[in-house]
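Coordinate inspection notes
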Amino acid sequence: MDKKKKKKLFHWGRILVQIVMFLSAPSLFAQAFAAVKETAGTLGKGGVLTVSGFVIRLFILCIITFFFGRIFCGWLCAFGAVNDWIYQLSSFLQKKTGKKLPRIPEKWIPGLQKIKYFILLFILVCCFFDRSGWITKNSPWTVFSLLTARNLKLAEYMTALLFCLLFVIGMIFHERFFCQFFCPMGAIFSLLPELPLTSLKRQEKDCIKGCSACQKNCPVHIKLGGNNLQSGECIRCGRCLTICPKGNISAGFHKSRL
Amino acid sequence: MKIFFLKLLNVVLIAAVLFIYQSYALSRKEKVDAYEKKVSEYKRAKSALEGTRADGTYTGSGDGYGGRVTIQVTIENHSIKEVKLLSADKETPEYLKKAKRLLQDIVNAQSANVDVVSGATLSSVGILQAAREALKKSGL
Ligand code: SF4
Ligand code: SF4
Ligand code: SF4
């Protein structure tokens, strides 16, 4: 199979997995995060921690992330998939019409990616002081969960709806807009240690001079082999593998090149 | 690699803190439970004395996460004796299971003014709405 075909197969394979996951487990990420909120709330009240179904889900996702990196984010999360689809549609339209939307400057991105840690902290503090109802009322995830449950009674969640719309607009302009800048669940994942079983490596010395195709095409703008702190952002989408013209990027310990 | 171990250390620390907390919380729980039981008995006696609720069973419904939630309240001796879930077909079982704690909370507090269960807010709101409606019907 030639490289182009492989690339196509990879691209559509991922979309297929995302569609299947979207249909079968559309609120997995929110349920896993509910475990975090629940735990913070219990701590705040001084209650006894319980292992609910949510905690088990969170635990499984964290274990997966520990071993294989954020493949959940790249392949399995329904909300991440929505991020991808909206941007794919938008870039498709941009190509068709020949009009280009303004982009977020590259040098702002690492800074913007830190916002999610503050959001996580904010939510934890709110839950600790028993204000989790307030979070639910204003969270765009609530709107998303209600919609996926085909519940259209959104009148009470106007601010949440507004946030949701803002994020959708962001997703039109920037790939993985919500995921890399705002997602508190993503913040937890990127703070987790990850075994290098699936991590991406680049043979920088073999690179084409002046080339930065992998970084430019990476949804979360990682400069591979550079700043290690940012490596928690990688969602294991595998695109850098398929994009490098020289096949300079490998996954895991082996040189499993595509 | 250094970052991997730093992150690992953080996770271990968090786990350790939660573990220590848990053993403390468990020892506290017994006292809290005993206290709450007393409060609940007191509240029940109080509403029996006040006699503002008529005996009987009443139903009410509210909007939960996926659809309507219907509950039944039993008033005996002018106080709330039991709150039962009649139907909640469209709630996600996991959330509903958590929110069901409210049924007992309402009996304990002798009113529907109780806190929602965090992590199951939407189902909670449905149950509380339903309880309020039912309790309203019971008012003399
Ligand atoms: S960052 Fe958040 S929303 Fe995005 S894929 Fe990961 S869990 Fe899902
Ligand atoms: S393009 Fe490569 S580095 Fe960027 S997120 Fe995808 S797999 Fe990770
Ligand atoms: S795309 Fe390939 S050649 Fe270009 S910078 Fe990335 S690894 Fe190097």
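Anyway, here's the lowdown on the structure attached to this text. The structure displayed is predicted, hence computed values, not measured ones.

1. Observations regarding the site of ligand 2
Near ligand 2 the following residues occur: Leu200(A), Cys218(A), Pro219(A), Val220(A), Leu224(A), Cys234(A), Ile235(A), Arg236(A), Cys237(A), Gly238(A) and Cys240(A). Tallied by class, residues from the shell around ligand 2 come to nine nonpolar, one polar and one charged.

2. A short note on the sheet that holds strand E3 (residues 79-87) of chain B
All names here are of chain B. Across the sheet, three strands lie side by side as E1-E2-E3; this open sheet has antiparallel pairing. Among the strands making up the open sheet, the edge pair consists of strand E1 (56-63) and E3. Pairwise comparison of adjacent strand axes, ignoring direction, gives a mean angle of 25 degrees for this sheet. Summarising the sheet, strand E2 (residues 68-76) and E3 pair through seven bridges and their orientation is antiparallel. Each bridged residue has a counterpart across the sheet, and for glutamine 72 the counterpart in E3 is lysine 84. With respect to the sheet, helix H4 (residues 121-138) is in contact with E1, E2 and E3, its orientation differing from that of E1 by roughly 140 degrees.

3. As for the interface of chain A and chain B
Tallying the contact residues gives 36 residues for chain A and 27 residues for chain B. For the pair chain A and chain B, the summed buried surface comes to about 2,600 Å²; carbon and sulfur atoms form 60% of the total. By the criterion of area lost to chain B, the three top residues of chain A are Val48(A), Phe54(A) and Pro193(A), representing 19% of everything that side buries. Glu94(B) is paired through a salt bridge with Arg57(A); the nearest N and O atoms lie 4.0 Å apart. Counting across the interface, chain A meets chain B through nine residue pairs in polar contact (both at pLDDT 80 or more). Among the secondary structure elements, those contributing two or more residues to the side of chain A that touches chain B are helix H2 (28-45), helix H3 (53-68), helix H8 (132-138), helix H9 (140-148) and helix H12 (184-191) of chain A.

4. Topic: the site of ligand 1
All names here are of chain A. Around ligand 1, a shell composed of Arg70, Cys73, Cys77, Phe79, Gly80, Arg176, Cys179, Cys183, Met185 and Gly186 is seen. Of all the secondary-structure elements, those providing two or more residues to the shell around ligand 1 are helix H5 (78-97) and H12. Split by residue class, the shell around ligand 1 holds six nonpolar, two polar and two charged.

5. Some words on the pattern of salt bridges
Across all of its chains, the model carries 13 salt bridges over all chains by this definition. Glu175(A) serves as the salt-bridge partner of Arg239(A), at 2.7 Å between the closest nitrogen and oxygen. Separated by 64 residues along the polypeptide, Arg239(A) in helix H14 (residues 239-243) and Glu175(A) in the loop between helix H10 (158-173) and helix H11 (177-181) bring together distant segments of the chain. We classify Glu175(A) as buried; its relative accessible area is 10%. Lys29(B) serves as the salt-bridge partner of Asp33(B), at 3.0 Å between the closest nitrogen and oxygen. Residue Asp33(B) and its partner Lys29(B) are both found in helix H1 (residues 2-50); the two are separated by four residues, about one turn of the helix. Owing to a relative accessible area of 38%, Lys29(B) belongs among the partly exposed residues under this scheme. Bridged by salt links that share partners, the residues Arg14(A), Asp84(A) and Arg176(A) form one connected network.

Definitions and limits used
Position numbers for residues start from 1 in each chain and track the written sequence from start to end. Labels are handed out in written order, letters beginning with A for the chains and numbers beginning with 1 for the ligands. Local features in a predicted model are, by the rule used here, given only for residues with pLDDT of at least 70; side-chain atom pairs are given and counted only at 80 or more, and totals for whole chains, interfaces and linings are based on all residues. Remark: hydrogens and water are excluded; side-chain values derive from all non-hydrogen atoms of the structure. Consider each residue's heavy atoms; a residue with any of them within 4 Å of a molecule or strand counts as near. For this classification, Asp, Glu, Lys and Arg are treated as charged, while Ala, Val, Leu, Ile, Met, Phe, Trp, Tyr, Cys and Pro are nonpolar and the rest, including Gly, are polar. Strand pairing is assigned whenever DSSP detects at least two bridges linking the two strands. Going along the chain from the N terminus, every DSSP run of H or I of four or more residues is numbered as a helix, and every run of E of two or more is numbered as a strand. Note on method: axes are straight lines fitted to C-alpha atoms, helices fitted across the in-contact stretch only, with angles between N-to-C directions ranging 0 to 180 degrees. In what follows, residue pairs with any heavy atoms lying within 4.5 Å of each other are defined as contacts. Buried surface area refers to the total accessible area, computed with a probe of radius 1.4 Å, that the two partners give up upon joining, counted for both partners together. The rule for a salt bridge is simple: a side-chain nitrogen of Lys or Arg has to be within 4 Å of a carboxyl oxygen of Asp or Glu. Here a polar contact means two N or O atoms within 3.5 Å. Within protein one must be a hydrogen donor candidate and the other an acceptor candidate, and residues neighboring in sequence count only if both atoms are side-chain atoms. Each residue is assigned to one of three classes by its accessible area relative to the maximum for its type, calculated with a 1.4 Å probe on protein chains only: buried under 20%, partly exposed between the two thresholds, exposed over 50%.

Just distances and angles here, no functional claims.
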